[in-house]
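Listed below, chain by chain, are the residues.
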Amino acid sequence: MAPIPPGIRLLVSFDRDQWYRALTFVLTFLLYTSFHLSRKPISIVKSELHKNCSPLSELSTLASSSGSQEPSLPSRQTDMDCSWKPFDKGNYKQLLGAMDYSFLCAYAIGMYLSGIIGERLPIRLYLTVGMLTSGLFTCLFGLGYIYNIHSLGFYITVQVANGLVQTTGWPSVVTCIGNWFGKGRRGLIMGLWNSHTSVGNILGSLIAGYWVSSNWGLSFIVPGLIIAVMGVICFLFLIEHPNDLKSISAQKSSPGKSMVQTKHWNGVNGHTEVYLQYKDNKAKSYDTELLLPRDSVCVPVQPVVVVKNESEPSAISFMGALQIPGVIEFSLCLLFAKLVSYTFLFWLPLYITKAAHLDAKKAGDLSTLFDVGGIVGGIFAGVISDKLGKRATTCAVMLLLAAPTLYGFSMISQFGIGPTIGMLLVCGGLVNGPYSLITTAVSADLGTHKSLKGNAKALSTVTAIIDGTGSVGAALGPLLAGLLSAGGWDRVFYMLMTADFLALLLLLRLVTKELVSTKSHPISAVELKEH
């Protein structure tokens, strides 16, 4: 007999639950990757909506000066022709900032409602509808190029609608991943998983950059189609909770011939329970006949489920979620941390275009290094916080280092590509590390806090409150960047450094509480004992 290949040995070493857990991890990773992939094109296309027309203007001026025409008129006409109306005027930065603000403001407002709604609806259907509609609105933005639409109202309306439907994503995927994974090594698992944000940004930049110079409409249409396809995959394969597999297991483990009919009766609290009906008396054993009458009898497949439903937890209220210790502090900290991260997300390619004098595609490709650093920073933050058992302290140290690094980036980025690449990687790690940790491991910890007494239905609401508050900063950051950049990019970086220091100050109480704690062991060990 031939020996079993090592790869097959590895595959069969995992049980069914581990395979389903891996499926949930990979699927939710890909689902939210598509969300960020569809958000990124606007930052790449900005430099195409308002081009640097000076080279074209000089050529036009030289051509006109050789003739009898006045040089200034052709130059002005060239400026208007090479940019996309209405972003061809001097206030283009404010208009581009308004587009960012409309999306992010709608996202921030909708996020508070999304978590509450998501806990009361099937997550799989809720997430599927959100992804399909998000794909629709992303494609609509790109159709503005194909159908030559120059109305600012059209683009802002599409951005607002897209911001609202994209709020279905984050609470849903965090709830799913929290249902499937326990608290052991949560920082590491969430750090790895949360790299979908940076992976989505990288893929979005590469996809949008491929078409930005030739047909920027496809920079939106292709990501829109991708997130719509992922919505269909979500509908077909997403398993919200391990308990959803129990009915399948019960049916497979039941005797095949003696139980030939399945009935659904109303159990405790109106929950539907599965019963199997005996019809063939010959198939019953002697012991079964002693327990059951001779006529057809319905017996429950899993009586333990009926007992469990007697104490079915209810969804937590908004105010109840705010009373969980640490929710307010981390929410406000994320407001400023996300302000910095999203300012880079929406304005970094344009800044590189102006500072390094690169075209839109090269600037978009270079900006992906910020997200590469973000992947490393998120994983590093998760591992360190697991090891030390101090989430707030880990975030605080990274925020403290991020502020001077941002100043260094603003200085070094003017000295060429080499130093810019290095600083992009470092800035990405320090900026996105705390952002990643708070939105994943911290949210999951607080959503399953010991004060909830095992009520896991708070996870979606807590996640929505934290990320919704952070999204307020995400809305303000790009808007302020659009206003301040008119007076020079130095003002933008001063704003980002100030936001980092404010985020640090908001964590000082929690940091002090962690440092004075007499015990210093991983969070997973503490929480497993408490629950």
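Predicted, not measured: the structure shown is a model, and the values here were computed from it. Each residue is numbered by its place in its chain's sequence as written, counting from 1. Local features in this predicted model are restricted to residues whose pLDDT is 70 or higher, and side-chain atom pairs enter the listing and the counts only when it is 80 or higher, whereas totals over whole chains, interfaces and linings include all residues. Side-chain calculation: all heavy atoms of the structure are included, whereas hydrogens and water are not.

Participant: A description of the overall build of the protein should follow, citing residues and the corresponding values.
Facilitator: In this description a helix means any DSSP run of H or I spanning at least four residues, a strand means any run of E spanning at least two, and both kinds are numbered starting from the N terminus. Within the protein one finds 24 helices and three strands. Taken across its 531 residues, the protein has 51% of its residues classed as buried. In what follows, residue pairs with any heavy atoms lying within 4.5 Å of each other are defined as contacts. Relative to all contacts within the protein whose residues are 6 or more apart in sequence, the contacts with residues 24 or more apart total 80%. Accessible surface is estimated by sampling points in the Shrake-Rupley manner with a 1.4 Å probe; for residues, cover comes only from the protein chains shown. Surface exposure of the protein reaches about 24200 Å², of which carbon and sulfur atoms provide 66%. Each residue is assigned to one of three classes by its accessible area relative to the maximum for its type, calculated with a 1.4 Å probe on protein chains only: buried under 20%, partly exposed between the two thresholds, exposed over 50%.

Participant: An account of the environment of asparagine 148 is needed here, citing residue identities and associated values.
Facilitator: Position of asparagine 148 among the secondary structure elements: in the loop between α7 (123–146) and α8 (152–165). Residue asparagine 148 is classed as partly exposed on the basis of its relative accessible area of 49%. Placed 63 residues apart in sequence, asparagine 148 and lysine 85 show a C-alpha to C-alpha distance of 9.6 Å. In the analysis that follows, any N or O atom pair within 3.5 Å is treated as a polar contact, provided that within protein one partner can donate a hydrogen and the other can accept it, and provided that, for residues neighboring in sequence, both atoms belong to side chains. Side chain to side chain, asparagine 148 and histidine 150 meet in a polar contact 2.7 Å long.

Participant: Which residues make up the pattern of salt bridges, and what are the values?
Facilitator: Just to be clear on terms, a salt bridge is a Lys or Arg side-chain nitrogen sitting within 4 Å of an Asp or Glu carboxyl oxygen. With the rule as written, the count across this model stands at five salt bridges. Across the salt bridge formed by glutamate 329 and arginine 509, the nearest N and O atoms sit 2.3 Å from each other. A residue pair is termed long-range when its members are at least 10 positions apart, and glutamate 329 in helix α17 (residues 327–356) and arginine 509 in helix α23 (residues 508–515) qualify at 180 residues. Accessibility expressed as a relative area gives 16% for glutamate 329, which makes it buried. As a salt-bridge pair, aspartate 386 and arginine 391 come within 3.1 Å of each other at their nearest N and O atoms.

Participant: An account of unusual backbone geometry is requested, with residue identities and associated values reported.
Facilitator: In this chain, lysine 85 is followed by proline 86 through a cis amide linkage whose omega measures 5°. As for its position among the elements, proline 86 is in the loop between α5 (72–82) and α6 (92–118). Its identity is not glycine, yet asparagine 148 carries a phi of approximately 55°, on the positive side.

Participant: Can you lay out the packing of aromatic side chains for me, pointing to particular residues and giving the numbers?
Facilitator: In this scheme Phe, Tyr and Trp rings, the latter by its six-membered ring, pair at centre separations within 6.5 Å, and the angle between planes marks the pair as stacked below 30 degrees, edge-to-face above 60, and tilted otherwise. Taken as a whole and judged by the stated rule, the model has 22 aromatic pairs. Note on tyrosine 342 and tyrosine 435: the rings are 6.5 Å apart at their centroids and 75° apart in plane angle, and the pair reads as edge-to-face. Of the two residues, tyrosine 342 sits in helix α17 while tyrosine 435 sits in helix α20 (residues 417–447), which places them 93 residues apart along the sequence. The exposure class of tyrosine 342 is buried, given its relative accessible area of 2%. For the ring pair phenylalanine 344 and phenylalanine 409, a centre distance of 6.2 Å and an interplane angle of 50° mean the geometry is tilted. Taken together, the positions of phenylalanine 344 in helix α17 and phenylalanine 409 in helix α19 (residues 391–412) put the pair 65 residues apart, joining distant regions of the chain.

Participant: A description of the nonpolar core should follow, citing residues and the corresponding values.
Facilitator: Counting residues in hydrophobic clusters, the biggest one holds 107 residues, and the most contacted among them are Phe344, Phe409 and Leu496. Looking at this core, the element that brings in the most residues is α17, giving 15 residues. Apart from residues no more than four positions distant in its own chain, leucine 496 is found in contact with Leu339, Val340, Thr343, Phe344 and Leu406. Residues belong to one nonpolar core when they are buried, are Ala, Val, Leu, Ile, Met, Phe, Trp, Tyr or Cys, and are joined through side-chain atoms within 4.5 Å.

Participant: Outline the packing of helix α2 (residues 16–39) against helix α9 (residues 169–180), supporting the account with residue identities and numerical values.
Facilitator: Axis geometry follows a simple rule: fit a line to the C-alpha atoms, using only the stretch in contact for helices, then measure angles between N-to-C directions, giving values from 0 to 180 degrees. At a minimum axis distance of 10 Å, the contact between α2 and α9 shows a crossing angle of 165°. Between α2 and α9, the angle is such that the two are roughly antiparallel. Remark: the crossing between α2 and α9 carries left-handed chirality. Taken together, the residues of α9 that come into contact with α2 (itself represented by Asp17, Tyr20, Arg21, Thr24, Phe25, Thr28, Tyr32 and Phe35) are Gly169, Trp170, Val173, Cys176, Ile177 and Trp180. Taken together, the residues that form the contact of α2 with α9 break down as nine nonpolar, three polar and two charged. For this classification, under 35 degrees means roughly parallel, over 145 means roughly antiparallel, 65 to 115 means roughly perpendicular, and everything else is oblique. For any helix crossing, the convention is left-handed if the near helix is rotated counterclockwise from the far helix by under a right angle, and right-handed if that rotation is clockwise. Throughout this entry, Asp, Glu, Lys and Arg are counted as charged residues, while Ala, Val, Leu, Ile, Met, Phe, Trp, Tyr, Cys and Pro are counted as nonpolar. The remaining residues, Gly among them, count as polar.

Participant: Describe the confidence of the model for the protein, naming the residues involved and giving the relevant values.
Facilitator: The predictor's confidence in any single residue is recorded as pLDDT, a number from 0 to 100. The pLDDT averaged across the protein works out to 77; a share of 74% of its residues lies at or above 70. Model confidence for the protein, summarised as mean pLDDT per element, is weakest for helix α24 (residues 523–530) at 38 and strongest for helix α12 (residues 218–237) at 96.

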